[in-house]
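Examining the three-dimensional arrangement
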Protein chains: 2
Amino acid sequence: MKRLNWDKVAVLSLFGLLITEAVWAAETLQDVMTRRGLTEKDILAAAKTYVPSGKRDEYIVFSSGGQSGHVIVYGIPSMRLLKYIAVFTPEPWQGYGFDEESKAVLAQGNIQGKAITYGDTHHPALSETNGEYDGEYLFINDKANPRIAVIDLHDFETKQIVVNPVFKSSHGGAFVSENTEYIIESAQYATPYENEYVPLEQFNERYRGGMTYWYFDRAKGRIIPEQSFTVMAPPYSQDLSDFGKGPSADWSFTNSFCSERYVGGIEQGKPPFEAGCSAKDTDFLHVVNWRKAAELVKAGKATLINNHHVITIETAVKEGILYLIPEAKSPHGADVTPDGRYIVVSGKLDTHTSVYSFEKIQQAISAGKFEGKDPYGIPIIAMTDALHTQAELGLGPLHTQFGARKCEAFTSLYVDSMVARWDYCEGKVLDKIAIHYNIGHLMTMHGDTKKPEGKYLVALNKLAIDRFNPVGPLHPQNHQLIDISNEKMTLLYDMPLPLGEPHYAVGINANLLKPIIRYKSGWDSRANQASPYKTLAGREKTVKEPGKVEILGTVIRSHITPEIIEVTEGDDVTIHLTNLERAQDETHGFALYGQNVNLSLEPGKTSSFHFIADKPGVYPYYCTEFCSALHLEMQGYLLVKPKNYQEAAKQAGETAIYTKADYDKQVEKNQATQTTIDQVVAFITSHNYQEFPSVVALMEDATDQLNFAKEAQTKATAAAAKEDWQNAALWAGQWWQYQVKAADIGLRAKAYLEQQGANKTK
Amino acid sequence: MKRLNWDKVAVLSLFGLLITEAVWAAETLQDVMTRRGLTEKDILAAAKTYVPSGKRDEYIVFSSGGQSGHVIVYGIPSMRLLKYIAVFTPEPWQGYGFDEESKAVLAQGNIQGKAITYGDTHHPALSETNGEYDGEYLFINDKANPRIAVIDLHDFETKQIVVNPVFKSSHGGAFVSENTEYIIESAQYATPYENEYVPLEQFNERYRGGMTYWYFDRAKGRIIPEQSFTVMAPPYSQDLSDFGKGPSADWSFTNSFCSERYVGGIEQGKPPFEAGCSAKDTDFLHVVNWRKAAELVKAGKATLINNHHVITIETAVKEGILYLIPEAKSPHGADVTPDGRYIVVSGKLDTHTSVYSFEKIQQAISAGKFEGKDPYGIPIIAMTDALHTQAELGLGPLHTQFGARKCEAFTSLYVDSMVARWDYCEGKVLDKIAIHYNIGHLMTMHGDTKKPEGKYLVALNKLAIDRFNPVGPLHPQNHQLIDISNEKMTLLYDMPLPLGEPHYAVGINANLLKPIIRYKSGWDSRANQASPYKTLAGREKTVKEPGKVEILGTVIRSHITPEIIEVTEGDDVTIHLTNLERAQDETHGFALYGQNVNLSLEPGKTSSFHFIADKPGVYPYYCTEFCSALHLEMQGYLLVKPKNYQEAAKQAGETAIYTKADYDKQVEKNQATQTTIDQVVAFITSHNYQEFPSVVALMEDATDQLNFAKEAQTKATAAAAKEDWQNAALWAGQWWQYQVKAADIGLRAKAYLEQQGANKTK
């Protein structure tokens, strides 16, 4: 086929014509392109990234949220943000840090007794089985206060935070071993292991770095600090790490910068850290046999520091588990190839990316061939003895991930603002693409596993500058999606990050994630067990003891039980609420005036809130998730009586304002509403709705609501029989409320069936 | 042109051919459509929403973040999230609630002395001039603890929080008058105005609602509480409000629910609030002459309650500034038409949407024609006397906004999960579209101003259910973008909200926003004035008094001055840092181990952090924004010495490890680097770079860096002259660091010019 002239053929007008069957298409594709100034290349990129309503993304990305303290979840190729998971920073929408259950998780992260209400998250790691993602857990570090958090991917909640017992800084975590036995966290800025003052003059002697190996108990889904240990290292600012794979699985690799051990002092007229820490041409790659280290700990060869197992440098050297290899200075990223045979290290201030051979490293170790020792007695393997090859990729090479093709690697070039695609076997550049601007890490699909899937690459850029509509001096970050499925890389999409500064991200095939949609009724999600405070419908209660009130309540469309809580000034009050809903996405919230509480009660969850009722007054509470048409009416009052309050003689209470006529009118309306519901139900049941799981779920929910309606109807009828028209009318109204909820759900189901083109079966 | 067969013409293959000039297009558009299962309709929607790299969105949306406590900013049509502005909830990325300046803003929002660390934001309002958006300020309410926040759109920061002095709940804010004289905030759940206990038996007599009118001083950009006032109202659960426009500009309209004054009690076997609050067929629209109310306050006719001006119901009735009109029950939204002639009110539990005529309301008031009075003596205008028309739009009508066409309105239908487009003059439905699922508010471009721009509509849906990849029991919300520019509305895009539950949003033409990109050097952004702690380069200092240390420091690529801070246990320490950068997007951060601090220092900003150094030890600090290649080296140490610490005899300090050879080698490298820089500069200056403002800015920044390089070079040369090779080598290294920064910037500028097709001029 010969090349055709765009304008002459007017291809896009034809394209437009083809969709004129619908009146809606007042504009053709050509019109839209002209109006919006789009090129053909833009349309292709749009087509590669657009995900229509109700369709799913192919990959799910977990990105660190930087100093926001969160983990960010988004979809590829649409680049739509799906969730910010609160990890180190309290976040009220999720109730995180506002309910007692999650406050307990955050409190695990206290630093020397102080509450820290943020984190500087850097490197997320997905749990692996045999070197491949299994979709079960996510781990993330905090650089500012060295901690690791465990996130359960069954409900996307943070379950645990562990504090590093010997470091006071940690950039290089989290990375997992091939079967997630351990999560590594390396120190960054060296400090004394003890929590005490040591003058900087003793930096070389008393400040230390190291690598902590956190033991992960898969069955419990928790890190076990007692079974974890640290391999001490010199004060070299250890940086990123990676575990080996396959042949190198028993080893881990950690690079470093500032092996000059410079201690700054610009305020005294000395050159700053940035000069002193980048004066030498090389830093050190730390090579550790972690499996043997774990055995040494079991064998009692570790020292207890701060009640934590530490393998000293002396022991590590003696036992042959720690080696150093020179690497190009100020590197960022030590990345093991999918086959586990090579370790790729880039020096940000060197144009070379080095490919170290695991086999050569082992040969040197076996042969005892070292070029010397560092000042701490650690054997140094000569760079030339360990190198497979080096590649000159460009300015500021930083981080490497791998593609699906043989020997395919992608490396970010910070100073050049580019991504290089290259062959790590041959050390040969294949392709380059410009990004915008100053890329830090990059990420390919499953790019740090044994089986990279290729397809897409995300450039995690540190500057956005002119890419987006301006939003003040603080800019969003920019994640750029790049298509790597073809010979030439192509830029598909620019995604601004609205909150936080991501550093690294991992992308997993969406099919591997199987999150739940509801909890077992009465579940404490943070402890992952039935809550001792779970409550069933109709079993709500208030337990009062002198000076103490405990509420075991429930929430369901559209009321909170109890609606009135009376306590006395000074009472110690705890409110436990269980969401009785089974329906997907029927979360309720709970906010109470003046007491700094917001609970997020997803279907089945039980959450608690504790406070001292220190001031007499009237405190409204309500549901904070727009859950139903009667959401605004989902309210209540907490009343705090002054101490020694003298109850006035109870007033008559509310006046009866409803009559038999009101009751009759409501019943008539309910009967009409029932007719509508019956029609909707008839539509649904006359179609193959059983083939649509989400409609089956909606029908279950609607049935629940209609059962509630029957209960209210029974109460209304009973009140009417006693000629209590006030209550008869109100319960008849409640009966109708449930009908409305059922109708709402039914209409959603009907619309869904129509949209999906369900077949009529009856 | 006749309709052509899709397959036969193979239009899309041709389309593909047209882009084969580039090797990159291994797939044609047809290939992509087939692979991804996209329809022609999908491609059109993709083309209407895709914004290529570097291009801008047409509209900017400010959405409430619900119980996240933030305001969410995104672009239309791309639906990309641009920023979460922290308002009521501390947010570390922005340093909000972590620096002293923003802590002071949050502390303004304390409730009866208690710190509240979240908000339940509902309704954002953009400042207006003559009834049109002016792009200067944004206001947002907190429902949980009735507060209003002021956000400055020059830098997208929260500047002020005011606490409502008489309410304990407030859903219906913020809405502004035509020239932003006042911001309205109505009560929701009635409570006593006084902060004291009043039994629920006295609900009718002592619980009250109302509408607060906050006075906004445009010149100061702040609400002035002393000039604000409240119009007291019966305990009817006041809900949303709107100010009049044009002819009705002096009036405001506030609807309500639960005018039954039901007080709940499900735990006592009574029907719940949802039944008791929806028993009557109508609630009340409150009609207030706010301009006259403001005059009454000036005339001293207000009562002081909690030191705040309150116009009692009695005064309001006597002075003729408050009227009621029945409205369909449980409404949500009282929306004034662009011409100010009508008020549209929908009852969620009624299928009717009512259009009230302002003229008819005024006629009834003038004529003294009322159907009666409510129990509080407020005149009630008969619904029939005030109605212009009613329209039966569907189930659960909720909120209305306006289009660019004559009499064009859009109303959300919660139960039907639809949007109705209708004619409010004729009361006639024009079109309907299904959304997914259960829409709350909706929003059109400038849709609540005098001049709606139409084009796009956003459906703010309360449930997402099956729309996105699952992320656990807590789902994202779903904002659906709908094209309303044609006769039939069409769905363009589903956007998940990753954090918070938005309730309402406002969309402004992006051209109206003119945010700054840097602060004046040494700026306290929260107080909007020069910081008393601003510091210039070279003027950094540490002020020590017994028990007190104050640091006046700076940050710039890539060092913090000072790098070493020594204090004594128990010292009261304050650190003020000024970002010396002028370059766009060159934000630095500051985190310190163990002290719960993260500063966000945008270019020019001065921020402060205060703490008590209560534990001896070593505390690393560092920059938390990846600002440059030497970012990791942008570090320092805070050393806290124990009280009465005996200084050991100072050790020799660092050993000189660099020689003349090191210095010479570095200088040689620097000269080579300078050659590269010169080439890049030659490229830039040989093109018409002056025509690209962002390149001009980059060149300024690069010039700054090269000047810094010269300073370092001078120091290096001076040290070399003294044969101090240690410092000579290190300063030569620093000289090179600045060269690398200049090169980085220059390469970005060069790439930009190439991308933009700049012309060679020399």
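Predicted model, so just to flag it, every value in this text is computed and none were measured.

Moving on to the domain arrangement of chain A. Taken domain by domain, chain A holds domain 1 (59-512), domain 2 (523-641) and domain 3 (660-755). Each of domain 1 of chain A and domain 3 of chain A has a C-alpha centre, and these two points are 56 Å apart.

Turning next to the state of the cysteines. Residue and element names in this part refer to chain B. A complete count under the given rule lists 4 disulfides over all chains for this structure. The side chain of Cys-258 participates in a disulfide bridge whose partner is Cys-277; the two sulfur atoms lie 2.2 Å from each other. Of note, the bridge from Cys-258 to Cys-277 carries an S-S torsion of about -55 degrees and is left-handed in sense. Remark: Cys-277 occurs in the loop between helix 7 (273-276) and strand 15 (282-289) and Cys-258 occurs in the loop between strand 14 (251-256) and helix 7; sequence separation between them is 19 residues. For Cys-258, a relative accessible area of 4% corresponds to the buried category. In this structure Cys-277 comes out as buried when scored by relative accessible area, which is 0%. Numbered in order of appearance, the disulfide-bonded cysteines of chain A are paired 1-2, 3-4.

In a beta sheet, neighbouring strands are held together by backbone hydrogen bonds and run either parallel or antiparallel to one another. All names here are of chain A. Reading across from one edge, 39-45-44-41-42 is the order of the 5 strands in this open sheet, with mixed pairing throughout. Each of the sheet's edge strands pairs with one partner strand only, and the pair in question is strand 39 (564-568) and strand 42 (597-601). Each adjacent strand pair in this sheet contributes to an overall mean axis angle of 15 degrees, direction not counted. One ladder, built from 5 bridges, connects strand 39 with strand 45 (residues 635-641); its direction is parallel. Opposite Ile-564, over in strand 45, you have Tyr-637 as the bridge partner.

Attention shifts here to the sheet that holds strand 7 (residues 157-163) of chain A. Residue and element names in this part refer to chain A. What the 4 strands build is an open sheet, ordered 4-5-6-7; its pairing is antiparallel. The open sheet terminates on both sides in strands that have one partner only, identified here as strand 4 (125-129) and strand 7. Going across the sheet, the axis of each strand differs from the next one's by a mean of 30 degrees, ignoring polarity. Where strand 4 lies against strand 5 (residues 132-142), 4 bridges are found, and the strand directions are antiparallel. By the bridge assignment, Leu-126 is partnered in strand 5 with Leu-138.

Looking at where B:Glu27 falls in the secondary structure, it is placed in the loop between helix 2 (11-17) and helix 3 (29-36). Here B:Glu27 falls in the buried class, since its relative accessible area comes to 15%. Here the side chain of B:Glu27 touches B:Arg35 through a polar contact of 2.6 Å, side chain to side chain. For B:Glu27, the residues in contact, after removing those within four places along its chain, are A:Leu44, A:Lys48, B:Val32 and B:Arg35.

Quick look at the packing of aromatic side chains now. This structure, assessed with the given rule, holds 71 aromatic pairs over all chains. With 5.5 Å between their ring centres and 80 degrees between their planes, A:Phe402 and A:Tyr424 make a pair best called edge-to-face. Remark: A:Tyr424 occurs in the loop between strand 27 (418-423) and strand 28 (428-434) and A:Phe402 occurs in strand 25 (residues 397-402); sequence separation between them is 22 residues. A:Tyr424 matches A:Phe402 in its accessibility class, with the two residues each being buried. Relative to B:Tyr456, the ring of B:Tyr59 has its centre 6.2 Å away and its plane inclined at 75 degrees; by these criteria the two rings are edge-to-face. Linking B:Tyr59 in strand 1 (residues 59-64) with B:Tyr456 in strand 30 (residues 454-461), this pair joins segments that are 397 residues apart in sequence. The residues B:Tyr59 and B:Tyr456 share a single accessibility class, namely buried. Taken together, the aromatic side chains of A:Tyr182, A:Tyr213, A:Tyr215, A:Phe229, A:Phe243 and A:Trp290 make up a single cluster linked through ring pairs. Positioned above the aromatic ring of A:Trp736, the side-chain terminus of A:Lys669 is 4.0 Å from the ring centre. Its end group placed over the ring of A:Phe683, A:Lys750 keeps NZ or CZ at 5.1 Å from the ring centre.

Cut-offs and rules
- Residues numbered from 1 in each chain as written.
- Chains lettered and ligands numbered in written order.
- Predicted model: local features only at pLDDT ≥ 70, side-chain atom pairs only at ≥ 80, totals over all residues.
- Heavy atoms only, no water.
- Domains from an automatic or database assignment.
- Disulfide = S-S within 2.5 Å.
- Helix = DSSP H or I, 4+ residues; strand = E, 2+ residues; numbered from the N terminus.
- Buried < 20%, exposed > 50% of the residue type's maximum accessible area, 1.4 Å probe, protein only.
- Pairing = 2+ DSSP bridges.
- Axes fitted to C-alpha atoms, helices over the stretch in contact; angles between N-to-C directions.
- Polar contact = N/O pair within 3.5 Å; in protein donor to acceptor, adjacent residues only side chain to side chain.
- Contact = heavy atoms within 4.5 Å.
- Phe/Tyr/Trp six-rings, centres within 6.5 Å; stacked < 30°, edge-to-face > 60°.
- Lys NZ or Arg CZ within 6 Å of the ring centre and 35° of its normal.

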